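Listed here are the chains, written in short residue letters.
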Amino acid sequence: MSHELDCRGQVCPRPIIELAKALPSVAVGELLAVVADDPAARHDVVAWCRMRGQEYVGEELTADGVARYVVRRTS
């Protein structure tokens, strides 16, 4: 993953705020991953992508078992 935000230990809405701040630094078509252990992030990232017109690619697990939510910048 070329762009990844480590938001472990951050609670809602901080992972989404960090995602929104970081997205402009990612080229259109590239991926940005948010690693978050807050259970709300699972729903928040999907909803944020829908509201902002970005592509939610899916969820993976990091080596230590924390969720990684992957977003593709579309605009």
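A quick note: this is a predicted structure, and the numbers were derived from the prediction, not measured. (Residues numbered from 1 in each chain as written. Predicted model: local features only at pLDDT ≥ 70, side-chain atom pairs only at ≥ 80, totals over all residues. Heavy atoms only, no water.)

### Things to note about the pairing of strand β3 (residues 55-61)
Relative to strand β4 (residues 67-72), β3 runs antiparallel, the two sharing six bridges. Looking across to β4, one finds that E55 is bridged to R72. Hairpin connection between β3 and β4: a loop of five residues separates the two successive antiparallel strands, and G65 in this loop has a positive phi of roughly 85°. (Pairing = 2+ DSSP bridges. Helix = DSSP H or I, 4+ residues; strand = E, 2+ residues; numbered from the N terminus.)

### Focus on the packing of helix α1 (residues 14-22) against helix α2 (residues 41-52)
The axes of two packed helices give the description: the angle between them and the distance between them. Here α1 crosses α2 at 35°, and the two axes come no closer than 9 Å. Helix-helix and strand crossings are classified by hand; for α1 and α2 the assignment is right-handed. Here I16, L19 and A20 of α1 come into contact with α2, specifically with D44, V45 and W48. Residue composition of the contact of α1 with α2, by class: five nonpolar, no polar and one charged. (Axes fitted to C-alpha atoms, helices over the stretch in contact; angles between N-to-C directions. Left-handed = near helix turned anticlockwise from the far one by under 90°. Contact = heavy atoms within 4.5 Å. Nonpolar A, V, L, I, M, F, W, Y, C, P; charged D, E, K, R; others polar.)

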